[in-house]
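Residue-level structure breakdown
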Amino acid sequence: MFERFTSDARDAVTGAVARAREADAATVTEEHLLLSLLDLGALDALDVDGPAITAGLAAAGRRGGMSRADEEALAGLGIDLSEIVARIEETHGEGALTTPAPRRRGPGALLRTALGRPEPVRRHVPLTQGAKKTLEQSLRIALGRGDRHIGAPHLLLALLTRPGTVSEVLADHGVTYARVETALAA
């Protein structure tokens, strides 16, 4: 599948890995893919406010990555998610729910630490199931459109098809499947 990726799509995936490393995240998520697409200017043609999208992702992170649908479902059960977040942050500090999962440390890392050697800079950061599904969906979208290659717009379209915070944040800023498809056709 990766042989079909254009250079901008490859740059988006490697940028997402770099974003995950910067955040010391254990995995590459759909959020990292979107942030990488923003960094590369893949949404510039849509005239969207990149910092506002980044802020929207950060706000979703503060809620522990729960979408508005999750929040509404909990509210239906009488659970106020904003109250829970406020209490957690009161006890553990602001952004406590955004802290990345700790990286697994294998025997090699433990041995390097014991010997006082630094960890290698290039470490493997796996993709989450959601990120993998996004890449697979980008292939399906490209094939469905009759495109021979997968570009950054295909990745963006795939992100919009996946339920969750990424598609919600994009929709909040006017980025819809139809709008991206129109920009792709132009």
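Residues numbered from 1 in each chain as written. Predicted model: local features only at pLDDT ≥ 70, side-chain atom pairs only at ≥ 80, totals over all residues. Heavy atoms only, no water.

What follows is about the pattern of salt bridges. If you walk through the whole model with that rule in mind, you get five salt bridges. Measuring nitrogen to oxygen at the nearest pair gives 2.9 Å for the salt bridge that ties R19 to D39. Of this pair, R19 sits in helix α1 (residues 7–22) while D39 sits in helix α2 (residues 30–39), and the two are 20 residues apart along the sequence. Between R145 and D147 there is a salt bridge whose closest N-O contact spans 3.2 Å. Overall, R145 belongs to the partly exposed group, its relative accessible area being 30%. Relative accessible area serves as the criterion here: at 22%, D147 is assigned to the partly exposed category. (Salt bridge = Lys/Arg side-chain N within 4 Å of Asp/Glu carboxyl O. Helix = DSSP H or I, 4+ residues; strand = E, 2+ residues; numbered from the N terminus. Buried < 20%, exposed > 50% of the residue type's maximum accessible area, 1.4 Å probe, protein only.)

The next subject is the environment of S82. Within the secondary structure layout, S82 lies in helix α5 (residues 81–92). For S82, a relative accessible area of 44% translates into the label partly exposed. Considering only alpha carbons, one finds S82 and E71, 11 residues apart in sequence, at a separation of 8.6 Å. For S82, the side chain forms a polar contact with the side chain of D80, separated by 2.8 Å. (Polar contact = N/O pair within 3.5 Å; in protein donor to acceptor, adjacent residues only side chain to side chain.)

Locating R4 in the fold gives a position in the segment before α1. Along the sequence, R4 and L139 sit 135 residues apart, while their C-alpha atoms lie 8.3 Å from each other. Not counting chain neighbours up to four residues away, the residues in contact with R4 comprise L139, L143, R148, H149 and I150. (Contact = heavy atoms within 4.5 Å.)

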